[in-house]
Amino acid sequence: VMDTYDCVVQLFCPPGCSELDLEKRKSSLPGDALWNLLILASKNVLSLSADFKFCKFFSTSHLKPVLDIFLDSLKILSILLKSSHLILDFIKTFKRQSKSLKRVCLYVIRNNDLLYFDEILSVCSGVMGFHQTNGGKKDKIALDAMLSSLEKSSSGEEEDFESSHKHPPMNDKSYSSCDFDLMDDAVLFGTKSPPSNLDSHEGFTKVDLKITNLVEISFCAAVLNHHLIHWLALKDLHLGVPDLQPFMVQGIVSLLKRPQFVSLTLSSAMVTREEMEEILNAVASFRVTHPLERLIFVSVATAISTSLATDVLDDSASIEDAPNMFPKLTDCGKFQGTELLEIYCCGFDLWTEQLFIQFLGQNEALKTLCLGNNLMLSLGKSALRTLTLNDAGQFLHRLILEDWPINSFNCYILRDLLQKVSHSLTSLSLKGCIVDKSEDVIRDIVLGVSACTNLQTLDLSGNYLGNYGALLSGTFMKLTHLKELSLKGNRLPAHIVKSIMTELSESCKQSGTRMKVVDLRVNKFVEDGQETYFEVEKTIRLLQKSFVDKVILDREES
């Protein structure tokens, strides 16, 4: 920091302002204005990104009053993590003294930050650092050897690693001297107690760890596993890893055994079917009476086996005819499992898909199912069929389907499920799903939606219905109790938009209710030059006053 108050002045200067503009701004301020601005910023900045310079800036004694104000009001602190105990002490201070802090984001860089990462996790988990344990000390020797090799290779020295070090690295990856990204975003919530020897109930309650494939995963997995197993306060884990390690699976399973643990998200990971089976079996075994709030898989994939074609069920077979392909899961019987199951942008082999279908059929606590952008489309079909044919989905509150193609061959599957959950379903998303825009398909969808008499939220965005949007008018508008409706991105002509709005208005008038939001963005309001956008907008605004709190519009001509 060239001048200790530059960062404060920049808060009040427009983006892209030059150095000269900054100097002019500074020189025009009265003598105590910089200090006043600093106090003002401290009171009003709720989210802060800090690096080594920032920590150094606030380490001076005369700025303690300002730091105290930050500690009183700040809600989100982001740290660009370097191997510096100045930052470590800074985090400890915030953890110990802050009154409003809800989230700490840690950005760890460089492979040789692993030991420092262990220290940071120790502060956050309340658990003694892994590298202080017997197993950790052995890993530390191997890690030091690897880092020593990196330093020599970066300085031009060539040496046979295995012959020159007693403890070689844990795999044969080649390393460079560049910086490594260990963790993009670690979000940690919790309490303020110092680390204990091992098991700790005093750590943070939420952690978000995203680890790239540019680090020595074996070392990182061992550190994480140590903290996860002993981190007894942890309730919510988001783990993003290139691939699961046995250590990581152990840590996840240990968390799932605890009744107080409520949410697991696994993202950006390559898994084996056996690893996924171990995780789902743990949910089934230890969640008999205390369901998870959320079980989420995002961008998770398994390798596709060439032998699967002869091992899995034919797609035309009924799920009721399916053998229990996973006996451990079968032995669990019915269980509470999870209230929310989300499988988003995943690519599972057919064995793993069948594992999820069997899990879904035995899970009795399900209230929300989200299936979106999944590479294997058969998963959505089997999941909906399973919920329709057994009691697993009878209390479903929310169904989110995204980019699952609804055509003449599978629209009846959705319709049958909607009729099954007609009394419980309150929210439905069919975003980007209607690929077959024939009259029969759309009427089937409208029939299914109309059966859901307690439906409050409906998302039909991104379906490009155009003139077929006329088929949406009428039935479900009158039979449901919609509060929020999205028709965004359907290229609806002006006369269809008016028709839908008119029927919504009449429906609300009859029922004596009002809607909260209607989203009409990205529709074709100008057609054949007959009406201007402003005339259409005026009509919509007049209708809006009678039945809806907010209409979202923008201009998107064809």
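Preceding block: the structure.
Residues numbered from 1 in each chain as written. Predicted model: local features only at pLDDT ≥ 70, side-chain atom pairs only at ≥ 80, totals over all residues. Heavy atoms only, no water.

**With respect to the overall build of the chain**
Let me state the cut-off plainly: Only DSSP runs of H or I with at least four residues qualify as helices, and only runs of E with at least two residues qualify as strands; both kinds are numbered from the N terminus onward. The contact rule is simple, with two residues in contact once any of their heavy atoms fall within 4.5 Å. To be clear on the numbers: accessible area is Shrake-Rupley with a 1.4 Å probe, and residue cover counts the displayed protein chains and nothing else.
Tallying secondary structure elements over the chain gives 20 helices and 16 strands in all. For the chain, contacts bridging at least 24 residues in sequence account for 82% of all contacts bridging at least 6. On the chain, roughly 25,600 Å² of surface is accessible, and the fraction owed to carbon and sulfur atoms is 53%.

**As for empty space enclosed by the protein**
Counted only if it meets this: A cavity, in this analysis, means grid points on a 1 Å lattice covering only the protein atoms where a 1.4 Å probe fits yet has no way out; a pocket is instead an open set bounded by protein on both sides within 12 Å along at least five of seven lines, and a residue lines either one if it has an atom within 4 Å of a point. Grid points are joined across faces, edges and corners, and a volume is the space filled by probe spheres set on the points. Under the convention adopted here, Pro, Cys and the residues Ala, Val, Leu, Ile, Met, Phe, Trp and Tyr are nonpolar, Asp, Glu, Lys and Arg are charged, and Gly plus all remaining residues are polar.
In total, this model carries three cavities of 30 Å³ or more according to the counting rule given. A volume near 70 Å³ is recorded for the largest cavity. Leu 371, Gly 372, Asn 373, Asn 374, Met 376, Leu 377, Leu 379, Gly 380, Glu 402, Asp 403 and Trp 404 together form the lining of the largest cavity. Only strand E10 (368–372) and helix H15 (378–389) provide two or more residues apiece to the lining of the largest cavity. In terms of residue class, the lining of the largest cavity is made up of five nonpolar, four polar and two charged.

**What about helix H7 (residues 114–125)?**
What sets the pattern is the α-helix's 3.6 residues per turn: residues three or four places apart point alike. Formally: In this scheme, a helix's expected span is set at 1.5 Å multiplied by one less than its residue total. Exposed residues in this analysis have more than 50% of their type's maximum accessible area, buried residues have under 20%, and partly exposed residues fall in between, with area computed by a 1.4 Å probe over protein chains only.
In this model, H7 (12 residues) spans 16 Å end to end at C-alpha, consistent with the 16 Å of a helix rising 1.5 Å per residue. With 10 of its 12 residues buried, H7 lies for the most part within the structure. A positive backbone phi angle near 75° is found at Gly 126, which sits one or two residues after H7.

**With respect to the side chain of Asp 444**
The test is simple: Any pair of N or O atoms that falls within 3.5 Å is considered a polar contact. Within protein, one atom must be able to donate a hydrogen and the other to accept it, and sequence-neighbouring residues count only if both atoms are side-chain atoms.
Looking at the element boundaries, Asp 444 is found in helix H17 (residues 439–451). A distance of 3.4 Å separates a polar atom in the side chain of Asp 444 from a polar atom in the side chain of Arg 415. Ignoring anything within four residues of it in the chain, the contact list for Asp 444 reads Cys 411 and Arg 415.

**Considering the environment of Leu 340**
Checked against the element boundaries, Leu 340 lands in strand E9 (residues 340–344). With relative accessibility at 15%, the residue Leu 340 sits in the buried group. Distance from Leu 340 to Leu 396, taken between C-alpha atoms, is 9.7 Å for residues 56 residues apart in sequence.

**With respect to unusual backbone geometry**
Even without glycine at this site, Cys 345 takes up a positive phi of about 55°. As for its position among the elements, Cys 345 is in the loop between E9 and helix H14 (350–362). Taking relative accessible area as the criterion, Cys 345 reaches 33% and is therefore assigned partly exposed. Located in the positive-phi region is Val 522, a residue other than glycine, with phi close to 55°. By the element assignment, Val 522 lies in the loop between strand E15 (515–519) and helix H20 (533–547).

**What to know about the pairing of E15**
Quick note on the threshold: Whether two strands pair depends on DSSP finding at least two bridges between them.
Relative to E15, strand E14 (residues 484–486) is paired through three bridges, and the arrangement is parallel. Residue pairing across strands places Leu 485 opposite Val 518, the latter belonging to E15.

**Examining the state of the cysteines**
Disulfides are covalent bonds that link the sulfur atoms of two cysteine residues. Which entries qualify depends on this criterion: Here, two cysteine sulfur atoms that lie within 2.5 Å of each other are counted as a disulfide.
Within the structure shown, the criterion is met by zero disulfides. Cysteine Cys 345 remains unbridged, with the sulfur of Cys 346 as its closest cysteine sulfur at 7.1 Å.

**Brief notes about the packing of aromatic side chains**
Here is the rule we go by: Each Phe, Tyr or Trp ring, with Trp reduced to its six-membered ring, pairs with another whose centre is within 6.5 Å; inter-plane angles below 30 degrees give stacked pairs, above 60 give edge-to-face pairs, and intermediate values give tilted ones.
Summed over all chains, the structure comprises four aromatic pairs. When the ring of Phe 297 is compared with that of Phe 356, the centres are 5.3 Å apart and the planes differ by 80°; the resulting orientation is edge-to-face. Of this pair, Phe 297 sits in strand E8 (residues 294–298) while Phe 356 sits in helix H14, placing them 59 residues apart in sequence. Taken individually, Phe 297 and Phe 356 each receive the classification buried, so the pair is uniform in this respect. Between Phe 348 and Phe 356, the aromatic rings sit 5.1 Å apart at their centres with planes inclined by 25°, giving stacked as the arrangement. When sorted by exposure, Phe 348 lands in the same class as Phe 356, which is buried. Among the aromatic residues, those joined into a cluster by ring pairs are Phe 297, Phe 348 and Phe 356.

**A look at the side chain of Ser 267**
Relative to the assigned elements, Ser 267 resides in strand E7 (residues 263–267). Apart from the residues lying within four places of it in its own chain, the contact partners of Ser 267 are His 238, Leu 239, Gly 240, Val 241, Val 298, Ser 299 and Val 300.

**Side note on the nonpolar core**
Operational definition: Among buried residues, those of type Ala, Val, Leu, Ile, Met, Phe, Trp, Tyr and Cys that are joined through side-chain atoms within 4.5 Å constitute a nonpolar core.
Core analysis: the biggest nonpolar cluster contains 142 residues, and Leu 237, Phe 297, Leu 399 and Leu 520 have the highest contact counts within it. Ranked by residues supplied to this core, first place goes to helix H10 (residues 217–230) with eight residues. When neighbours within four sequence positions are excluded, Leu 520 is seen to be in contact with Leu 487, Val 497, Met 501, Phe 525, Ile 540, Val 551, Ile 552 and Leu 553.

**Points about the pattern of salt bridges**
Pairing between side chains becomes possible if they bear opposite charge and their charged atoms approach one another. Where we set the bar: Salt bridge, as applied in this entry: a Lys or Arg side-chain nitrogen positioned within 4 Å of an Asp or Glu carboxyl oxygen.
Considering all chains together, one arrives at 11 salt bridges under this definition. For Arg 294, the salt bridge is made with Asp 236, and the minimal N-O distance between the two is 3.0 Å. One end of the pair, Arg 294, is in strand E8; the other, Asp 236, is in strand E6 (residues 236–240), with 58 residues separating them in the sequence. Residue classification places Arg 294 among the partly exposed positions, given a relative accessible area of 27%. The class for Asp 236 is buried, based on a relative accessible area of 12%. Among the charged side chains, a network of salt bridges with common partners joins Asp 236, Glu 293 and Arg 294.

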